[in-house]
Amino acid sequence: MRLGFVVERLLQLVPVLLGVSLVVFLMITLTPGDPVEIMLGNERATPEQAESLRREMGLDLPPHERFVKFVRNALTGNFGRSFFHRRPVAEVIAERLPATMELTIVSMLIALALSIPLGVLAAVKRGSILDRIATVASLIGVSMPGFWLGIMLILLFAVHLGWMPVSGRVDFSHEVPRITGMILLDSLIQGRVDTFLDALHHIIMPAVTLGLAMAALLMRVTRASMIEVLQQDYILFAEAKGLGRARLLMRHALKNALIPTVTVAALETGYLLGGNTIVETVFGWPGLARVIVEGIFSRDYPLVQAGVLVIAVIYVSVNFLADVLYTLLNPRVKL
Amino acid sequence: MRKTPWFLAVSAVLVFPLGATISAGSAEAAELRVGFTQDALTLDPANHRKRETETIIRNLYDGVMTQTADGRAVPELAESFRQIDSLTYEAKLRRNVKFHSGDPMTAADIKFTFDRLTKEKAMGGQTSPRQSLLGPLADVLVIDDYTVHFKLKAPWPVFPRMLPVQEVVSKKFVEKVGHDALATQVNGTGPFKLVEWRRGDSIIMERFADYYGGAAAIPPVGAAKADRVIFKIIPENASRVAALLAGEVDIINEVPIHTIGQIDRSGKAKVVKANGTRTFFIALNVTRPPLNDLRVRQAANHAIDKKTLIDKLLGGAATSVAGVLSPESFGYKPGLREYAFDPEKAKSLLAQAGHANGLDVVLDTEGAFKDQAEAIASMLTKVGIRTKVQVWEGAVLTPIWRGEKKERDMYLTSWGSSALDPTGIFVPTLRTKDRGNSSGYSNPNVDRLLDAAETELDVEKRAGMYHEAEKIVAEEAPWIFLWVPQDIYAVGSRLRGWEPGSDSRINLHRAYFAN
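Criteria and thresholds
Residues numbered from 1 in each chain as written. Chains lettered and ligands numbered in written order. Predicted model: local features only at pLDDT ≥ 70, side-chain atom pairs only at ≥ 80, totals over all residues. Heavy atoms only, no water. Helix = DSSP H or I, 4+ residues; strand = E, 2+ residues; numbered from the N terminus. Rg over C-alpha atoms; globule rule 2.2 N^0.38 Å. Buried < 20%, exposed > 50% of the residue type's maximum accessible area, 1.4 Å probe, protein only. Contact = heavy atoms within 4.5 Å. Areas by Shrake-Rupley, 256 points an atom, 1.4 Å probe, with all protein chains shown as cover. Buried area = accessible area lost by both parts, 1.4 Å probe. Salt bridge = Lys/Arg side-chain N within 4 Å of Asp/Glu carboxyl O. Nonpolar A, V, L, I, M, F, W, Y, C, P; charged D, E, K, R; others polar. pLDDT = per-residue confidence, 0-100. Patch = residues over 30% accessible without salt bridge, like charges linked within 9 Å, V, L, I, M, F, W, Y side chains within 5 Å. Axes fitted to C-alpha atoms, helices over the stretch in contact; angles between N-to-C directions. Parallel < 35°, antiparallel > 145°, perpendicular 65-115°, else oblique. Left-handed = near helix turned anticlockwise from the far one by under 90°. Phe/Tyr/Trp six-rings, centres within 6.5 Å; stacked < 30°, edge-to-face > 60°. Lys, Arg positive; Asp, Glu negative; His and termini not counted. Polar contact = N/O pair within 3.5 Å; in protein donor to acceptor, adjacent residues only side chain to side chain. Pairing = 2+ DSSP bridges. Domains from an automatic or database assignment. Core = buried A, V, L, I, M, F, W, Y, C linked by side-chain atoms within 4.5 Å.

**Student:** Run through the overall build of chain B, naming residues and quoting values.
**Tutor:** For chain B, the count of helices and strands is 15 helices and 20 strands. Here the C-alpha atoms of chain B give a radius of gyration of 25 Å, agreeing with the 24 Å that 2.2 N^0.38 yields for 515 residues. With 515 residues in all, chain B has 59% of them scored as buried. Of all intrachain contacts in chain B linking residues separated by at least 6 positions in sequence, the fraction that spans at least 24 positions is 69%.

Following this line, the structure appears as structure tokens:
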């Protein structure tokens, strides 16, 4: 991989992030609804008191000045103060982001663990009963809305069977000193196996809810791509040479077939980060997506702007990593 | 036998080993858990305007006054509270109150607390967003270590009722840690101390052993009964109900109406209700045709079958009102004449107003009240007021209706008054050009009565003024008068010592589990 490529990709980030900031700023500024009025609600406030609140929020400045100020401050890592949390936005995001990241990563792992073996199996046994079951199952998986699946899982595994907790990240009896904010990782680093298992216990239902829809999609992509690769001449040649079936599939076919899977998985990270909103709400998961949506309803401009920006940075970074992964999967791909 | 869906089977395979080895954390007997809709925005009592935040904070901090379940303001940190003259109130403080740090609470802390709430930029350069809740409070004078005088700029009879929503902070502590630190650090005088705040997830508290006991007027007095209290944040309604039924939490708020039967039948929990503080109504734009005609407005009131709506849509959990005030409010007058459901009378009133062939209007509302608006629209349409419902987002709709220019027809909305005093609801919604006067109603007699009542110190006279004003408003019908919904909670069947109040609080000081 050339250094020039990395630099080029990093430079590409600048217009992307500037664009995202501008679009979010415009959308939230043009949306009717005044944060000061929302905050004061129905209570009595003199015009002077409302004006003082407006000044404190920086809303007395014209929009273009507010945007320039936001960008200038954001460059130094200062995202301003949240109107409603009444403290620095960076703090709010730093608290919530690890929970969202943790859920996204575990969901993705579940999706990959289910989709790749099933996709390969369905492709190899194309047309068999197994293939048909996998295809129908993936269709159901794609069609099931997350909030419905989440509630069904809660009713079955938490209320009726009593196996799983309804909500939260870890039981109150566990205290985990924060290192990364991702409890699974932090408890492992600190050798706290009981906390790790408890956190795993808590994350399974939300992660399965998010991961299943993605697994279904990735399975279909893997299956299609695998079928195509299996029809290539070099596979026939390898087979004719008498190469073992397992070695042929894993080493020669799957590696090439995974490129579209990696692409779709990276693109779908955006879906996971955004789709988290519903799952975070259903499972009381204290993540960033939920806080951004609350911010939209209360017109918490600084929080929404910074939150969306952070998600955009993650999204672009994940897709950059996917590009890097191509080179590992197929050395002919040069970056 | 029904087939198990594949996803459930997969999930079962994934979760079974864990489910078998780890028991879903069950609450210990003395640990009380609340499944709550929203996290606190901050733990600083002076730096928010959110009722849910107040509910959580109120277990950590006490106020000079508190409120009983039926809405009376009674002394809490004060031993006694009285009015000296029209502009001065005196609070004599208890002598045995300690902050969680062990420091005693004195008059200096009260002054510091109220200065922080009311003075410009008094919170480390910020002004408290709660400033306006204290109306004309000008200053707090320290008379001695245990006596303070609250001085007002103008008479304001509702002042004592506004004190239960302000909590007392420690001057010494704030000066030591700084104003910003109060967002996460707590040194209150309340029955529970903060253990940990896991943002967005839970707030964990434990009993404060040196608690002075709480308001004398609300027995039993003494330290909290529960060892630990946890507010667990579960925003989704179905998940909150599931957590209660799974035994993960002991109290939940905002119970959805359609789950009431399920909870009551479960044998594990029961539903409890309290009269709310929010009056629902449809503001009718009286400034332009067709609703500037009294007969049309009266016809609209006669067209609504409130009993059916309350029974079918609100699960019976609402009280019909004939006017503005909730039955719990100061100044409520029983026996105010209510518009009866009478479609024939409605039609005849419309015909008299020249609308024998009916008329067309639009009813605005927010998404949360769409069902109610649709049902009301169909009732109005039946008598000839052909009503189309338009759903908006609250933040967009409110300014349209609160603005000076009234260009729309009807607005299904509500107004809450946590102090349960007409000052908080009658004045803002019906006095000429006041901040919540959506219908554009204006009557000099009503304005005169409301203004006079605002500063009238004689309780009987003051109530009489509101009675008179409400009678005029009911006759002139600037609203379709609807109902006051109840707040619905559910509690585990072993929980004792807590009943919901009209102020949405969940004070757990006296709550415990039956054996």
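And the narrative resumes.
**Student:** Break down the overall build of chain A for me, with residues and values.
**Tutor:** Each helix and strand counted, chain A has 13 helices and zero strands in total. From first element to last, N terminus to C terminus, chain A shows the α and β order α-α-α-α-α-α-α-α-α-α-α-α-α. A principal-axis box enclosing the C-alpha atoms of chain A has dimensions of 85 × 55 × 40 Å. By the burial criterion, 50% of the 335 residues in chain A qualify as buried. For chain A, the computed accessible surface area is about 15,400 Å², with 69% contributed by carbon and sulfur atoms.

**Student:** Hey, could you go over the interface of chain B and chain A for me, with residue numbers and the actual values?
**Tutor:** Contact with chain B, which involves 64 residues of that partner, is made by 62 residues of chain A. The contact between chain B and chain A buries some 5,400 Å² in all, and 59% of this surface belongs to carbon and sulfur atoms. At the boundary of chain B with chain A, the tally comes to four salt bridges. One salt bridge in this structure joins R199(B) and E95(A), with 2.0 Å as the shortest N-O distance. The dominant element in the side of chain B that touches chain A, judged by the number of residues it contributes, is helix 1 (residues 6–21) of chain B, at 11 residues. Taken together, the residues that form the side of chain B that touches chain A break down as 30 nonpolar, 15 polar and 19 charged.

**Student:** Quick rundown of the confidence of the model for chain B? Include the residues and the values.
**Tutor:** Residue and element names in this part refer to chain B. Residue-level pLDDT values for chain B average 89, and 94% of them are 70 or greater. Within chain B, strand 7 (residues 147–152) carries the highest mean pLDDT (97), whereas helix 1 carries the lowest (41). In the predicted structure, residues 1–29 sits below a pLDDT of 50 and forms 43 contacts with residues beyond four places in sequence or in another chain. The complex model carries a pTM of 0.81, and its ipTM stands at 0.77.

**Student:** Residues and numbers for a nonpolar patch on the surface, please.
**Tutor:** All names here are of chain A. Together, L121, I129, L130 and I133 make up a nonpolar patch on the protein surface, roughly 380 Å² of accessible area in all. When residues in the nonpolar patch are grouped by element, the largest group, three residues, is from helix 6 (residues 129–143). Secondary-structure assignment places I133 in helix 6.

**Student:** Can you lay out the packing of helix 5 (residues 89–124) of chain A against helix 13 (residues 301–329) of chain A for me, pointing to particular residues and giving the numbers?
**Tutor:** All names here are of chain A. Contact geometry for helix 5 and helix 13: axes closest at 10 Å, N-to-C directions at 40°. Our classification of the angle between helix 5 and helix 13 gives oblique. As helix 5 runs across helix 13, the sense of the crossing is right-handed. Side by side, helix 5 and helix 13 meet where V89, V92, I93, L97 and M101 of the first sit next to P302, L303, A306, G307, V310 and I314 of the second. Here the residues of the contact of helix 5 with helix 13 sort into 10 nonpolar, one polar and no charged.

**Student:** Tell me about the confidence of the model for chain A, and name the residues and values.
**Tutor:** In the predicted model, chain A carries a mean pLDDT of 85, and the fraction of residues at 70 or more is 96%. Per-residue pLDDT, averaged within each element of chain A, yields its smallest value for helix 2 (residues 35–40) of chain A (75) and its largest for helix 8 (residues 183–189) of chain A (92).

**Student:** Explain the packing of aromatic side chains to me, using residue names and the numbers behind them.
**Tutor:** All names here are of chain B. One pass over the full model with this rule turns up 19 aromatic pairs over all chains. Between F81 and Y89, the ring centres sit 5.7 Å apart and the planes meet at 20°, which makes this aromatic pair stacked. Ring geometry for W156 against F159: centres 6.4 Å apart, planes inclined by 45°, an arrangement best described as tilted.

**Student:** Kindly report on the side chain of E470(B), identifying the contributing residues and their values.
**Tutor:** All names here are of chain B. Among the secondary structure elements, E470 is positioned in helix 15 (residues 459–476). This buried residue, E470, is left without a salt bridge; K333 holds the nearest opposite charge, at 8.0 Å. Within polar-contact distance, the side chain of E470 engages the backbone nitrogen of V324 at 2.7 Å. Separated by 2.9 Å, the side chain of E470 and the backbone nitrogen of L325 make a polar contact. Non-local contacts of E470, meaning those with residues more than four positions away in its chain, are made with G323, V324, L325, G331, K333, L336 and F426.

**Student:** Help me get a handle on the sheet that holds strand 6 (residues 137–144) of chain B, residues and values and all.
**Tutor:** All names here are of chain B. Ordered by their spatial adjacency, four strands build an open sheet running 4-5-7-6, and the pairing between neighbours is antiparallel. Both outer strands of the open sheet, strand 4 (78–85) and strand 6, are each paired with one neighbouring strand and no more. Across this sheet, the average inter-strand angle for adjacent strands is 20°, counted without regard to direction. Summarising the sheet, strand 4 and strand 5 (residues 88–93) pair through six bridges and their orientation is antiparallel. The residue bridging Q83 from the neighbouring strand is Y89, located in strand 5. Sheet strands in contact with helix 3 (residues 107–118) are strand 5, strand 6 and strand 7, and its direction is about 170° off that of strand 6.

**Student:** Can you explain the pairing of strand 8 (residues 192–198) of chain B? Please cite residues and give values.
**Tutor:** All names here are of chain B. Where strand 8 and strand 9 (residues 202–207) come together, six bridges link them in antiparallel fashion. Across the sheet, residue R198 finds its bridge partner in strand 9, namely S202. The hairpin turn running from strand 8 into strand 9, its antiparallel successor, is three residues long, and G200 in that turn takes a positive phi close to 80°.

**Student:** Now, about the domain arrangement of chain B: what can you tell me, with residues and values included?
**Tutor:** All names here are of chain B. By domain assignment, chain B separates into domain 1 (6–268 + 493–513) and domain 2 (278–486). Each of domain 1 and domain 2 has a C-alpha centre, and these two points are 33 Å apart. Residue-level contacts link 14 residues of domain 1 with 16 residues of domain 2. Between domain 1 and domain 2 lies a buried interface of about 1,200 Å² when both sides are counted; carbon and sulfur atoms form 63% of it. In terms of surface lost to domain 2, no three residues of domain 1 exceed P157, R161 and I257, which account for 39% of the buried area on that side. The tally of links from domain 1 across to domain 2 stands at zero salt bridges. Taken together, the connections running from domain 1 to domain 2 amount to zero residue pairs in polar contact (both at pLDDT 80 or more). Residues of the side of domain 1 that touches domain 2, tallied by class, amount to six nonpolar, five polar and three charged.

**Student:** Explain the nonpolar core to me, and be specific about the residues and the numbers.
**Tutor:** Buried together is how nonpolar side chains tend to be arranged in soluble globular proteins. Counting 54 residues, the largest nonpolar core has I154(A), M205(A) and I263(B) as its most contacted members. If you tally residues by element for this core, the top one is helix 9 (residues 193–230) of chain A, at 12 residues.

**Student:** Give a description of the pattern of salt bridges that names residues and reports values.
**Tutor:** If the charged atoms of two oppositely charged side chains come close together, the side chains can form a pair. By the definition in use, this model includes 39 salt bridges over all chains. K307(B) is the partner of D311(B) in a salt bridge, and the nearest nitrogen-oxygen pair spans 2.8 Å. With D311(B) and K307(B) both in helix 9 (residues 306–313), this residue pair falls four residues apart, about one helical turn. For D311(B), a relative accessible area of 38% translates into the label partly exposed. Under the relative-accessibility criterion, K307(B) is labelled exposed at 59%. Through salt bridges with shared partners, a single ionic network connects R87(A), E91(A), E95(A) and R199(B).

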